Amino acid sequence: MSCTVIAFGELHGIFAWLHELPVSIGLPDSVQAVVMYAALGVTVFSVLSLFALFLVWWERKIAAHIQQRFGPMRVGWHGWYQTVMDALKLLQKEDIRIETRDKVVFFWAPVVCFVAAFLAYVVMPFGKGLIVADLNIGILYIMAVTTFTVIALLMAGWGSNNKYALLGGMRSAAQVVSYEIPMVVSLLTIIIYVGSLSMVDIVESQSGWFFNWFIFRVPFGPIAFVTYIIAAIAEANRTPFDIPEAEQELVAGYNIEYSGMKFAMFFLAEFVNMFTVSAIAATVFLGGWNGPFLPSWVWFMGKTLTVVLLLMLVRWTYPRLRVDQLMEFAWKFLVPVTFANLILAGVLKYLGYWE
Amino acid sequence: MSEYLAVLIFVIVGAGMVLFTFFLARILRPHNPYPEKNVNYECAELPIGNSWIKFHNRFYIFALIFVIFDVEAVFLFPWAVAYGQLGLYALVEMVIFILILFVGLVYAWKKGALKWV
């Protein structure tokens, strides 16, 4: 394939070019794959960081307009590069290292947090052919690596040697592991209709018009979607489930002792996580890159950003739950509902409701 | 198997980019620590005692319940993938499996283990 094929706005030419790059510049066989994946990694990292900056700005504007304010207005048209300036500001901030911290754990917590969020993008299908590596355990892999965030939050809470931070980290761990179960089971409801864990297979089995999307096609798809979205909000630690960083009781939670670039990494990872759960929702429930007329990556981004918008509206509309309500909602409501949903979907699949 | 190389490379690239940003910040930022600045934040009070203490029992209970259900989820993944070919036998087996665990959940519920005290 020539490196200049970018047909009608389809971007797979870029990935194909990156795949061919090590071959075309004549590297030895043993390092070709390494160079290729490294180039893809740097590309994905850059795009993701820019996207996270955009999401921060977008969230601030939405929050402002919900509360009848303007939000950032000064830096550029409607403050569009406000967050870029904020990032540059954080780059120049002093790194305050408290005396009593656990040095190793304190240092590595933001790195683990960001890498855990970043790893999910190995199997994320951005569009037709726009996938780094189509692992056959796709969705299981994403569920596994994104949970490493819990370890990072516990590390941050423990390493800070601060009572607020420790409480935030512990609560976050309890919350994220509790909502992990409903999230996984909601996705399994769809997986039994696909018969594969690969993200590309999941998207390709929804090709066609919107009634082929799993949210509409499988029985109880809408229920699975709603339970998934609730669990996803909790996984991403966002209001109404942001007990780990509840400002009024824990000040900032696990990241209270962090400043400068280390704080920025936690902040960035939070928005990358939000993008990840939305992208999974778009891929598994809303048909992924499938759609008419427009290039596939436009459809993927459009669907993902719609889900992101939904999460943002939920965040700025609903008040925070109390911590006991939060845990009891997960175990006494979501877990029974999702398991009942899974069994019913299995029975209907056996009866031949959908082939 | 070479596809899984991508995961390893992504770990290295991700950590490398983060560490590079830290390095960049280290060049640019001021460095002026003094003892008052490096004290733990506790709402402008001097912190009393250490924070590395025993935490509440309820975290262990939820962790134990989670482990049971997470192992269940691990068993459910291969079941869900192969479900299309397995038919009625797989369905009955999995319903029995889920019901047994559900009895456990109801037991924990009745014992008050799901209550956040």
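Basis of the calculations
Residues numbered from 1 in each chain as written. Chains lettered and ligands numbered in written order. Predicted model: local features only at pLDDT ≥ 70, side-chain atom pairs only at ≥ 80, totals over all residues. Heavy atoms only, no water. Helix = DSSP H or I, 4+ residues; strand = E, 2+ residues; numbered from the N terminus. Rg over C-alpha atoms; globule rule 2.2 N^0.38 Å. Buried < 20%, exposed > 50% of the residue type's maximum accessible area, 1.4 Å probe, protein only. Areas by Shrake-Rupley, 256 points an atom, 1.4 Å probe, with all protein chains shown as cover. Lys, Arg positive; Asp, Glu negative; His and termini not counted. Charge placed at Lys NZ, Arg CZ, Asp CG, Glu CD. Core = buried A, V, L, I, M, F, W, Y, C linked by side-chain atoms within 4.5 Å. Domains from an automatic or database assignment. Contact = heavy atoms within 4.5 Å. Expected span 1.5 Å × (residues − 1). Buried area = accessible area lost by both parts, 1.4 Å probe. Salt bridge = Lys/Arg side-chain N within 4 Å of Asp/Glu carboxyl O. Polar contact = N/O pair within 3.5 Å; in protein donor to acceptor, adjacent residues only side chain to side chain.

Asks: What is the right way to read the overall build of chain B from this model?
Replies: Each helix and strand counted, chain B has three helices and zero strands in total. Listing every helix and strand of chain B by position from the N terminus yields α-α-α. Over its C-alpha trace chain B gives a radius of gyration of 25 Å, far above what one expects of a compact globule, namely 13 Å for 117 residues. A principal-axis box enclosing the C-alpha atoms of chain B has dimensions of 70 × 50 × 15 Å. Expressed as a percentage of its 117 residues, the buried residues of chain B come to 33%. With the model as given, the accessible surface of chain B reaches about 7,600 Å², and the carbon-plus-sulfur share is 72%. Both charge centroids of chain B, one from 8 positive and one from 7 negative side chains, sit 9 Å from each other.

Asks: Help me understand the nonpolar core in this model?
Replies: Soluble globular proteins: nonpolar side chains tend toward being buried together. Counting 149 residues, the largest nonpolar core has A:Tyr228, A:Phe285 and A:Trp331 as the members making the most contacts within it. In terms of residue count, helix 7 (residues 163-194) of chain A provides more of this core than any other element does, 16 residues in total. When residues of this core are assigned to domains, at least three map to each of domain 1 (1-91) and domain 2 (93-350) of chain A. Setting aside anything within four residues of it in sequence, one finds A:Trp331 in contact with A:Ser178, A:Ile181, A:Pro336, B:Phe62, B:Ile65, B:Phe66, B:Phe69, B:Leu105 and B:Leu114.

Asks: Would you mind showing me how to read the environment of A:Val314 here?
Replies: All names here are of chain A. Among the secondary structure elements, Val314 is positioned in helix 13 (residues 296-317). Along the sequence, Val314 and Ile230 sit 84 residues apart, while their C-alpha atoms lie 10.0 Å from each other. What Val314 contacts, discounting residues up to four positions off in sequence, is Ile233 and Pro240.

Asks: Help me out: how do you make sense of helix 13 of chain A in this one?
Replies: All names here are of chain A. Its 22 residues give helix 13 an end-to-end C-alpha distance of 32 Å, which sits within 8% of 32 Å, the value for a rise of 1.5 Å per residue. Residues Ser296, Phe300, Met301, Lys303, Thr304, Leu305, Val307, Val308, Leu311, Met312, Val314 and Arg315 constitute the buried set of helix 13. The secondary structure elements touched by the buried residues of helix 13 are helix 2 (29-66), helix 10 (221-235) and helix 12 (260-284).

Asks: How should the interface of chain B and chain A be read in this particular structure?
Replies: Size of an interface: often given as the accessible area lost when the parts come together. Of the residues lining the interface, 65 residues belong to chain B; the matching set on chain A comes to 83 residues. A buried area of about 6,800 Å², summed over both sides, lies between chain B and chain A, and 78% of it is on carbon and sulfur atoms. By the criterion of area lost to chain A, the three top residues of chain B are B:Phe10, B:Trp52 and B:Phe77, representing 12% of everything that side buries. Viewed at the interface, chain A and chain B are joined by zero salt bridges. For the pair chain B and chain A, the number of links is four residue pairs in polar contact (both at pLDDT 80 or more). Elements with a contribution of two residues or more to the side of chain B that touches chain A: helix 1 (5-28), helix 2 (57-86) and helix 3 (88-110) of chain B.

These results come straight from atomic positions and should not be treated as a statement about function.
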